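Letter by letter, the chains look like this.
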Amino acid sequence: MDETTNINWFPGHMTRTNRKIKEILPLIDAVAEIVDARVPVSSRNPQLSELIADKPRIVLLNKSDMADEACTRDWIEFYKTQGIKAIAVDCKSGKGVGNFINGTKELLSDRLEHYRAKGMVGKPLRIMVVGIPNVGKSSFINRMSKGSKAKVEDRPGVTRGNQWFKIDNELELLDTPGVLWPKFEDHIVGEHLAFTGAVKDAVVDIEHLAVRLVSFLGKNYPEKLKQRYKISFDEQFDSYELLCIIGKKRGMLMRGGVVDSERAAIMLLDEFRDGLLGRITVESVSFMGEDNAEF
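Residues numbered from 1 in each chain as written. Predicted model: local features only at pLDDT ≥ 70, side-chain atom pairs only at ≥ 80, totals over all residues. Heavy atoms only, no water.

(A) Expanded view of the overall build of the protein. Each helix and strand in the protein was counted, giving eleven helices and six strands. For the protein, the residues scored as buried account for 49% of the 295 residues in total. For the protein, long-range pairs separated by at least 24 residues make up 71% of all intrachain contacts whose partners lie at least 6 apart in sequence. As displayed, the protein offers around 15,000 Å² of accessible surface, 47% of which is attributable to carbon and sulfur atoms. (Helix = DSSP H or I, 4+ residues; strand = E, 2+ residues; numbered from the N terminus. Buried < 20%, exposed > 50% of the residue type's maximum accessible area, 1.4 Å probe, protein only. Contact = heavy atoms within 4.5 Å. Areas by Shrake-Rupley, 256 points an atom, 1.4 Å probe, with all protein chains shown as cover.)

(B) Broad picture of the sheet that holds strand β6 (residues 171–175). Taken in spatial order, the six strands make up an open sheet running β3-β2-β1-β4-β6-β5, and their pairing is mixed. The open sheet terminates on both sides in strands that have one partner only, identified here as β3 (85–88) and β5 (164–168). The mean angle between the axes of side-by-side strands here comes to 25°, regardless of whether they run parallel or antiparallel. (Pairing = 2+ DSSP bridges. Axes fitted to C-alpha atoms, helices over the stretch in contact; angles between N-to-C directions.)

(C) How the structure looks around the layout of surface pockets. Counted as a void, the second largest pocket has a volume near 290 Å³. What lines the second largest pocket is a set of 17 residues, among which Arg38, Lys63, Met66, Lys92 and Arg273 lie closest to the centre. Split into classes, the residues belonging to the lining of the second largest pocket amount to three nonpolar, six polar and eight charged. (1 Å grid on protein atoms, 1.4 Å probe; cavity = no way out; pocket = protein on both sides within 12 Å on 5 of 7 lines; lining within 4 Å. Points joined across faces, edges and corners; volume = space filled by probe spheres on them. Nonpolar A, V, L, I, M, F, W, Y, C, P; charged D, E, K, R; others polar.)

(D) Broad picture of the pairing of strand β4 (residues 125–130). Most of β4 is tucked away: six of the six residues are buried. Alternating residues of β4 divide into Leu125, Ile127 and Val129 and Arg126, Met128 and Val130, and every residue in both groups is buried. With four bridges joining them, strand β1 (residues 30–36) and β4 adopt parallel strand pairing. Across the sheet, residue Glu33 finds its bridge partner in β4, namely Val130. Two elements, β4 and β6, share five bridges in a ladder whose sense is parallel. Counted as the bridge partner of Ile127 is Leu173 from β6.

The following block contains the structure:
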């Protein structure tokens, strides 16, 4: 995946979803945005801030069990400086998910107090859950709602046909389709999503992707590579050669003793995505840069 590579999605789908989000905004109190804690910049829809305008937002750093803990703490602090509450969660195991209810009610405490003061007993907070595909949105909703869909009632403020989930007497979640923007303007964003498997391997050069991942890991997490594959290399390593060293160590040889670099690439990416190399974050807070200083 080089600098000329762009990954195209479906603009029509994107347009419909954005329109749906805009239509539903008057009915919701806040937005819960789910991102991948390993790539928290690339795994978010850059159009979201514009779409939701001034609605309160809570960010769930999902898959935090596979992310670098220090980096995740840094991200939580970064969001705090932006006036956004962030919580580290793992929707698959449920770790940290329980903090969402209290965090949301704390974020919207004024709204809850207003409801109580007005005697609006039974009026719940409504939170719209958003996230790009494969970031864990469905897992989060299923875990929070325990698989039960809220009944859509014929009353003001409830729109038929939307996926409402009742969490408790004070909180309901609204599901939305996974959203990706029509084109990645920055090839690094597409590359980072491909690292995690959010982009299908069929649309990328798998060996080039693995070489790029090896380059990142060798520079930022060399000890994890050395420990996992029982190899050694110095600071001046060649990324493709290092991938071949890893493949040879795993016995991935073809006739004549040539390393099957494609098999090695697939294996490396699979093990990274399964968390077998350890807790790794591809995008630290410094990845934001001056051009993306605000969320």
